[in-house]
Amino acid sequence: MSNINQIQEALFEALSFAIKDEYLDKLGSLPHAEKEAKFKEFLDETAQIYNNTSNISSIHDDNFTQYQIDEYRKKAIANSSFSFAMQHNLEHVISERFMNYFNVNSKLIGSGVDGKQLKQVTCANINIANRFFCKKIADKLCSSCHIVSYCSKECQKMHWKFHKTICKSDVASKDWKPDYINEMRTPAFYSQNLPFVPFNPLIREYLWGNIPAIDIVNFAFNELADGKSYKEPINLLFAASGDLNDVILSVNGLPLNFNQPINICINDYAERVVIRNFLILYLLAKLGKDAIDLVIHIWYSSALTDKQSLKCIEILSTVLQDKLDSKVKKEYTFEFDKLNIRTHFSSETWMCLAEMLSNDTDLQTATDMRNNIMLNPAREDYRHRYMQRLTPGERICFDNFRHHGILLPYGAMDAHHNSPNRFIIDRMFGWTMADSSDPLSGWDIFNIAKVKYGTAKEDFYGKLFFYLREQFEKFIDRLQKLTINFDLYDDDALKLGEKLKGRQFDRIHVTNLSDELYAGIKPTLTKFRPLLNANNPHATLITLFMNWLPSIPESDKIRIMESIVMKKASEYKNNRTSSFFEASNLASMVTTKASTEATTLYDHTQAFNAYMKKMGANKTAENVGLRRREVHKIVPKRLGASMKQDKQNNVLSLEDERDKHLLFDVGSHTFLERYAEWEVIA
């Protein structure tokens, strides 16, 4: 055994001895004063171990060995210590000691293995066993899979023995077929006896948006239309926000020279959603652009790097210090130059953050928890049905994200992302989202597809990573240059009026609160009309309907589908099928595609108007002093539609086959979704 390995082994042994649960358990039974003193001694001793070994030299120039040693040690101490402190009311000790001993450089919390921000696709030549990775920019795509990139032919040759397992795999083949075809059986989605799927009660929290983000201000069509200037504050209310995708896009739409205050209220009833929104805003405000990679992974990845995880504990443990003392809802203000973040949270919401930070679930357990949802065997046929719609490259990337859950360009180093994302994974309930959740659903797929930074054409998850980097850079510029006040709430949306009494908003977005499955249109219009600024002719209440389920007249549907099926049939006429199951699957796929396209190519305007009348929306709007706009000024009436006045009621115009593929195959929307805008009657 080499000297470096002996030192590493001794270090891990000393570390594991120092943080044994048995030792902390013994401390837990002591009187509080003695427990506090012993806990401080414990942190001092472990910090001394860290300081005495931090100058071990690496056998590699890239310091990967030292990186692993240091980060493993600090993560283990932090996880054990924070969990103990939360259980025994010793958070203040963590604040005092943690900052001094385990401070992580905020400039080294990026996605790169060296801790730097990942701003370009790097060479995929990585050998974890030998702790080797090439840091050079990649500009040469693999000519077979067209997904993985290298800096040179030499690196490609070195990496081939690893890459060929993917490049030559079944999932990368253009002839790939779902298992239910290969096994010649009826797929689960056609079965009368659906298999059992584990139920997670936290899945209802919807941590990722499932509708592309919108800019609810849209200054160019409203206050700044026709070259006008606007000299009033802007007040925005996201009443049932879900994640922050709409907030980010709306702030990014504001000009950097806007010199009026922007007041933004963000509310959601789900504690986990609310606290994630807070911590994302707080980390961006405190760390600026150094936090971008960290925030992307908090939002969408199954695991963070150890440095990222430690930075979260370091910063957010100080935030928590005095937030759990009372059951009474308190207001706290966090000031950052011209930016203010005010929280109006119950102690239960703060406790949600405390539970996240004290979550010491190990990587293997966290992986099993996620796989139990995202790779559940009972849902395999559903996954394969979706994968069949994708190109080989898209299928590789989708399958990779399903298995690993790290939002990075395909082929990027992710082995150092080994600290489970405590902001998604629940210690008791596991992975907190449905298997249908996908980061791509919350953003415009056309904008994602345009992103470069060295990403492969079909690597939409890699493109999304860099697209989010772009959006966060714009967002941080505005947080630092504009006067912005955030107010965060954790209330029932329909009760917000009581909390916000006297305030007036220029835009109110309620997402699909107006769906009959939730509050419904009557209560929504009634409750939010008093909050709409009647003095601003551009003030708008935006509602989204996702579950109104119109019925297309059978004759129209048959006519539309007939033409689509005939076109699809001509495309597939040369496909040779070897079995009845393959023929049935091909027919089913063509019919399903035709049905989706028919929904898109049908004008639902009259059906939606009838639905609004049936729900009493028009009468309610009239009674409270609102009217539904004939011509939208904020967001198109349908996904993918135009904002041009003469095209707003038309069906989607999709002549480009790639556009159709992005919408119908890569995307996961029904195209029954409809927005409605409501304005104050003058």
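This one's a predicted model, so the numbers in the text were calculated from it and none came from an experiment. Here, residues in each chain are numbered from 1, in the same order as that chain's written sequence. Predicted model: local features are reported for residues with pLDDT of at least 70 only, side-chain atom pairs are reported and counted for 80 or more only, and whole-chain, interface and lining totals are derived from all residues. Hydrogens and waters are ignored; side-chain quantities use all the structure's heavy atoms.

Across a regular strand the side chains alternate sides, sitting on one face of the sheet and then on the other. Using a 1.4 Å probe on the protein chains alone, a residue whose accessible area is under 20% of its type maximum counts as buried, one over 50% counts as exposed, and one in between counts as partly exposed. The way it works is that DSSP assigns letters per residue, a run of H or I at least four long becomes a helix, a run of E at least two long becomes a strand, and they are numbered from the N terminus. Counting buried residues along strand E9 (residues 339–345), 6 of its 7 residues qualify, which places the element largely inside the surrounding structure. For two strands to be treated as a pair, DSSP must find at least two bridges joining them. As paired strands, strand E8 (residues 330–336) and E9 are joined by 7 bridges and run antiparallel to one another. Along E9, the bridge assignment pairs lysine 330 with phenylalanine 345. The turn joining E8 and E9, which pair antiparallel and follow one another in sequence, is formed by 2 residues; a positive phi near 55° is taken by aspartate 337. Sheet analysis places E9 next to strand E13 (residues 484–489), joined by 6 bridges and oriented parallel. Looking across to E13, one finds that arginine 342 is bridged to aspartate 487.

The UniProt record marks residues 131–167 with the feature "domain: MYND-type" (unreviewed entry), using the residue numbering of this structure. Across residues 131–167 one finds 41% helix and 16% strand; the C-alpha atoms that close the span lie 22 Å apart. UniProt positions are given in the numbering used here, feature names are shortened, and annotations may be inferred rather than shown by experiment.

Attention now moves to the sheet that holds E13. Strands sit in the order E8-E9-E13-E6-E5-E14-E15-E17-E16 across an open sheet of 9 strands; the sheet is mixed. This sheet does not close on itself; its edge strands, each paired only once, are E8 and strand E16 (626–628). Taking the axes of each pair of neighbouring strands and ignoring which way they run, one obtains an average angle of 15° across the sheet. In terms of strand pairing, E16 meets strand E17 (residues 674–680) through 3 bridges, oriented antiparallel. Bridge pairing in E17 places leucine 626 opposite valine 680. By the convention used here, residues are in contact when the closest approach between their heavy atoms is within 4.5 Å. Note on geometry: axes are lines fitted to C-alpha atoms, helical ones only across the stretch in contact, with angles between N-to-C directions running from 0 to 180 degrees. Each of strand E6 (262–267), E8, E9 and E13 touches helix H9 (residues 271–287); the most contacted strand, E9, lies at about 160° to it. With respect to the sheet, helix H22 (residues 605–614) is in contact with strand E15 (540–545), E16 and E17, its orientation differing from that of E17 by roughly 55°.

What follows concerns unusual backbone geometry. Non-glycine residue histidine 146 carries a positive phi angle of around 60°. Position of histidine 146 relative to the elements: it lies in the loop between strand E3 (140–141) and strand E4 (149–150). For histidine 146, a relative accessible area of 42% puts it in the partly exposed group. A positive phi angle is found at threonine 511, which is not glycine, with a value near 45°. As for its position among the elements, threonine 511 is in the loop between strand E14 (507–509) and helix H19 (521–528).

What follows deals with the nonpolar core. Side-chain atoms within 4.5 Å link the members of a nonpolar core, which is a set of buried Ala, Val, Leu, Ile, Met, Phe, Trp, Tyr and Cys residues. Membership of the largest hydrophobic core comes to 139 residues, with the highest contact counts inside it found for Phe278, Leu316, Trp350, Leu353, Phe423, Trp443 and Phe486. At 12 residues, H9 tops the list of elements feeding residues into this core. Ignoring any residue separated from it by four or fewer positions in sequence, one finds leucine 316 in contact with Leu279, Tyr282, Leu353, Leu357 and Phe423. Ranked by size, the runner-up nonpolar core spans 31 residues in total, among them Leu541, Met612, Ala621 and Trp678.

Before going further, it helps to examine the pattern of salt bridges. As a working rule, side chains carrying opposite charge can pair if their charged atoms are close by. Definition used for salt bridges: Asp or Glu carboxyl oxygen within 4 Å of a side-chain nitrogen of Lys or Arg. According to the stated counting rule, one finds 21 salt bridges in the structure shown. The shortest N-O distance in the salt bridge between arginine 185 and aspartate 381 comes to 2.8 Å. On the criterion of sequence distance, the pair formed by arginine 185 in the loop between helix H7 (179–182) and strand E5 (234–238) and aspartate 381 in helix H14 (residues 380–387) is long-range, its members being 196 residues apart. The residue aspartate 477 makes a salt bridge to lysine 289 at a minimum N-O spacing of 3.0 Å. Note that aspartate 477 is positioned in helix H17 (residues 460–481) and lysine 289 in the loop between H9 and helix H10 (292–300), a separation of 188 residues in sequence. Overall, the relative accessible area of 35% leaves lysine 289 in the partly exposed class. Taken together, the salt bridges that share partners define one network made up of Arg627, Arg629, Glu677 and Glu679.

With respect to the element layout, leucine 525 can be found in helix H19. Residues leucine 525 and leucine 541, 16 residues apart in the sequence, show an inter-C-alpha distance of 8.4 Å. Once you skip the residues sitting within four places of it in the chain, leucine 525 turns out to touch Leu541, Ala617, Thr620, Ala621, Val624, Leu626 and Trp678.

Attention shifts here to the pairing of E17. Counting buried positions along E17 yields 7 of 7 residues, so the element is predominantly enclosed. Burial along E17 is two-sided: the face carrying Arg674, Ala676, Trp678 and Val680 and the face carrying Tyr675, Glu677 and Glu679 are both buried. Sheet analysis places E15 next to E17, joined by 5 bridges and oriented antiparallel. What sits directly across from leucine 541, in E17, is tryptophan 678.

This part covers a nonpolar patch on the surface. Like-charged residues within 9 Å of one another, or nonpolar side chains (Val, Leu, Ile, Met, Phe, Trp, Tyr) within 5 Å, are grouped into patches, provided each residue has over 30% relative accessible area and no salt bridge. Here, Shrake-Rupley sampling with a 1.4 Å probe gives the accessible areas, and only protein chains in the shown set may cover a residue. A surface patch of nonpolar side chains, about 370 Å² in accessible area, is lined by Tyr206, Leu517 and Tyr518. Among the secondary structure elements, tyrosine 518 is positioned in the loop between E14 and H19.

In this section: H9. Residue count minus one, scaled by 1.5 Å, sets the expected span of a helix. The end-to-end C-alpha distance of H9 is 24 Å, a good match for the 24 Å that 17 residues give at a rise of 1.5 Å each. In terms of burial, H9 is largely enclosed, as 15 of its 17 residues are buried. Positive backbone phi, at 65°, marks glycine 288, one or two positions downstream of H9.

Below, the discussion takes up the packing of aromatic side chains. Paired rings are identified among Phe, Tyr and Trp, the last through its six-membered ring, by centres lying within 6.5 Å, and are further divided according to the angle between planes into stacked (under 30 degrees), edge-to-face (over 60) and tilted (the rest). Evaluated as defined, the whole model comprises 28 aromatic pairs. Each ring, one from tyrosine 282 and one from phenylalanine 334, has its centre 5.4 Å from the other, and the planes form 80°; the classification is edge-to-face. One end of the pair, tyrosine 282, is in helix H9; the other, phenylalanine 334, is in strand E8, with 52 residues separating them in the sequence. Classification of tyrosine 282 by relative accessible area gives buried; the value is 8%.

Right, let's get into the environment of leucine 544. Along the chain, leucine 544 falls in strand E15. Here the alpha-carbon distance between leucine 544 and valine 510, two residues 34 residues apart in the chain, equals 7.4 Å. Each residue touching leucine 544, except ones within four places of it in the same chain, is listed here: Ile211, Thr511, Asn512, Ser514, Asp515, Glu673, Arg674 and Tyr675.

Another aspect to go through is the packing of H14 against helix H15 (residues 392–404). Between H14 and H15, the shortest axis-to-axis distance is 10 Å and the interhelical angle comes to 150°. One element, H14, and the other, H15, form an angle in the roughly antiparallel class. Every residue of H15 that contacts H14 at Arg383, Tyr386 and Met387 is listed here: Arg395, Phe398, Asp399 and Arg402. Polar here means any residue outside two lists: the nonpolar Ala, Val, Leu, Ile, Met, Phe, Trp, Tyr, Cys and Pro, and the charged Asp, Glu, Lys and Arg; Gly therefore counts as polar. Of the residues assigned to the contact of H14 with H15, the class counts are 3 nonpolar, no polar and 4 charged. Reported orientations rely on four angle classes, namely roughly parallel under 35 degrees, roughly antiparallel over 145, roughly perpendicular from 65 to 115, and oblique for the rest.

What follows deals with the packing of helix H13 (residues 363–374) against H15. Interhelical geometry of H13 versus H15 gives an angle of 130° and a closest axis separation of 8 Å. Relative to H15, H13 is oriented oblique. Residues Arg370, Asn371 and Met374 of H13 form the contact with H15, whose own contacting residues are Phe401, Arg402, His403 and His404. Partitioning the contact of H13 with H15 into residue classes produces 2 nonpolar, 3 polar and 2 charged.

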